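# Notes for the structure review
This is what each chain is made of:
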Amino acid sequence: MRVSKAIFIFIYLFFSFCNAQELPGEKYYQFSLDFKTTYENDTVAIVLYNPLSCPLRINLFSDYLKENQVIDDTLKFVIHENSEKIFKAYKRNLVKEKVNFSSVIISLGDENKKITPTNLALPFPQGKMYRIMQSDNGSFSHDSDYSRYAIDFNMKTGDTVTSADDGFVVGVIKDYEFGKEDRQWIPYANYITLYHPHSGIFTQYVHLKKGGSLVKVGDAVKRNQPIGLSGATGFVSGEHLHFNVLVPDKNMTLKSVPFTFENNISSKSLKKNMKMTNLKIR
């Protein structure tokens, strides 16, 4: 009887583990955009509303509209925070069902906004100490333009994550549950994106636990304010917080950049296994 029970427990745990490692069946997005295209009375109208407290860059393309000379090429818009953009074009005899866009690219920020360097607070409560698991240009996952200058702290699941500066919440993903050391899992991390208008930068707090966001899109946050709970979702080798500073890039995305913490501690000076507490390196 004991053997049978042990085998049952083993099988249950084995299949539970396997199921936990399957890629999520649904993909979540950190914000939504109000976007409407209509064709009425021989007029193509596009209405875009940016609900975020940061600028958005939007590229729209339609083969059908280009073939019918409604647009010359890709429509490019920068929509300022919490504002609306309307595009209208008059053209007769279009097929209403074909008036749509085959390509829609939406990116945070305005690449023409001046970036003002600023010192940031550590992304965890003062008095806490954490070891650096991966620094800039780390070979595990800090090897792309999007993550090159990020810093990983060995925070445990459920540890408090705090805002590095005053700003606004412009992105939240909170519903993923698992992670794995497999690059296929890169799109399946929970995270929070903040925009800091006084400096023009974005900060991201990645791999949060399921339901680990303490804020929602549209919230204003203060420096050192608790915003989330650390975890191990997405592409991970273990539980930790991935902290990244980003600025708009001309290639319709964001790119990771070097930054400084308080006391002028450069992110580029931080190395694996260093311990940080109260903004000091030990």
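Keep in mind that this is a model prediction, so the values were computed, not measured.

Cut-off values and rules
- Within any chain, residue numbers begin from 1 and follow the written order of that chain's sequence.
- Local features in a predicted model are, by the rule used here, given only for residues with pLDDT of at least 70; side-chain atom pairs are given and counted only at 80 or more, and totals for whole chains, interfaces and linings are based on all residues.
- Hydrogens and water molecules were not included; the side-chain quantities draw on all heavy atoms of the structure.
- In this description a helix means any DSSP run of H or I spanning at least four residues, a strand means any run of E spanning at least two, and both kinds are numbered starting from the N terminus.
- Whether a residue is buried, partly exposed or exposed follows from its accessible area with a 1.4 Å probe, protein chains only, as a fraction of its type maximum: under 20%, in between, or over 50%, in that order.
- The contact definition used throughout considers only heavy atoms, calling two residues in contact when any of these lie within 4.5 Å.
- Only the protein chains shown count as covering a residue, and every accessible area follows the Shrake-Rupley method with a 1.4 Å probe.
- Per residue, pLDDT captures the predictor's confidence, and it can take any value from 0 to 100.
- Think of a salt bridge as a Lys or Arg side-chain nitrogen and an Asp or Glu carboxyl oxygen that are within 4 Å of each other.
- Note: two strands are recorded as paired if DSSP finds a minimum of 2 bridges between them.
- Orientation is described by lines fitted to C-alpha atoms, with helices fitted over the stretch in contact, and by angles between N-to-C directions that extend from 0 to 180 degrees.
- Think of a 1 Å grid over the protein atoms and nothing else: a 1.4 Å probe that fits but is trapped marks a cavity, an open set flanked by protein within 12 Å on at least five of seven lines marks a pocket, and residues with an atom within 4 Å of a point count as lining.
- Grid points are joined across faces, edges and corners, and a volume is the space filled by probe spheres set on the points.
- Polarity classes work like this: nonpolar for Ala, Val, Leu, Ile, Met, Phe, Trp, Tyr, Cys and Pro, charged for Asp, Glu, Lys and Arg, and polar for all others, with Gly in that last group.

Right, let's get into the overall build of the protein chain. From N to C terminus, the protein chain includes 2 helices and 23 strands. Per-residue burial for the protein chain yields a buried fraction of 45% across its 282 residues. For the protein chain, restricting intrachain contacts to residue pairs at least 6 apart in sequence, the fraction spanning at least 24 positions comes to 70%. Summed over all atoms, the accessible surface of the protein chain reaches about 14,900 Å², with 50% contributed by carbon and sulfur.

Moving on, we come to the confidence of the model for the protein chain. On average, residues of the protein chain score 89 in pLDDT, and 90% of them reach the 70 mark or higher. In the predicted structure, residues 9–19 sits below a pLDDT of 50 and forms 0 contacts with residues beyond four places in sequence or in another chain.

Turning next to the pattern of salt bridges. Here the structure, examined in full by the defined rule, presents 12 salt bridges. When the shortest N-O distance is used, the salt bridge between K216 and D219 registers 3.1 Å. The network of salt bridges with shared partners includes D165, R223 and E262.

What follows deals with the sheet that holds strand 2 (residues 43–49). Remark on secondary structure: sheet strands pair via backbone hydrogen bonds, oriented parallel or antiparallel. One open sheet holds the 3 strands; their spatial order is 1-2-5, and the pairing between them is antiparallel. Both edges of this open sheet fall to strand 1 (34–40) and strand 5 (84–90), since each of them pairs with a single strand only. Shown here is a sheet whose adjacent strand axes are inclined to one another by a mean of 10°, direction ignored. Pairing geometry for strand 2 and strand 5, over 7 bridges, is antiparallel. Along strand 5, the bridge assignment pairs T43 with Y90.

Read across the open sheet, the 3 strands follow the order 7-20-21; overall the sheet is mixed. Looking at which strands have only one partner, the edges of the open sheet turn out to be strand 7 (119–120) and strand 21 (265–266). With 2 bridges connecting them, strand 7 and strand 20 (residues 260–261) associate as parallel partners. Residue pairing in the sheet places N119 in a bridge with T260 of strand 20.

Here we come to the environment of V78. In this fold, V78 is placed in strand 4 (residues 75–79). Each C-alpha atom of the pair V78 and I58 lies 6.3 Å from the other, and the pair is 20 residues apart in sequence. When neighbours within four sequence positions are excluded, V78 is seen to be in contact with P55, L56, R57, K85 and D110.

The next thing to look at is the layout of surface pockets. In this model, the largest pocket occupies a volume close to 1,100 Å³. Lining the largest pocket are 40 residues, and of these Y146, I186, P187, Y191 and Q204 lie nearest its centre. For the lining of the largest pocket, the secondary-structure elements that each account for two or more residues are strand 6 (103–108), strand 8 (129–134), strand 14 (201–208), strand 17 (234–235), strand 18 (241–249) and strand 19 (253–256). Tallied by class, the residues present in the lining of the largest pocket amount to 18 nonpolar, 17 polar and 5 charged. If you add up the space inside the second largest pocket, you get close to 210 Å³. Lining the second largest pocket we find 16 residues, and of these I115, P117, I201, V257 and P258 sit closest to its centre. Listed by contribution, the elements that provide at least two residues to the lining of the second largest pocket are strand 7 and strand 18. Broken down by element, the lining of the second largest pocket gets its largest block of residues, 3 residues, from strand 18. Tallied by class, the residues present in the lining of the second largest pocket amount to 10 nonpolar, 4 polar and 2 charged.

This part is about empty space enclosed by the protein. This structure, assessed with the given rule, holds 2 cavities of 30 Å³ or more. Its boundaries defined by the atoms lining it, the second largest cavity holds a volume of some 40 Å³. Surrounding the second largest cavity, P55, G109, D110, K113, I115, Y195, G200, F202 and P248 form its lining. Residue composition of the lining of the second largest cavity, grouped by class: 5 nonpolar, 2 polar and 2 charged.

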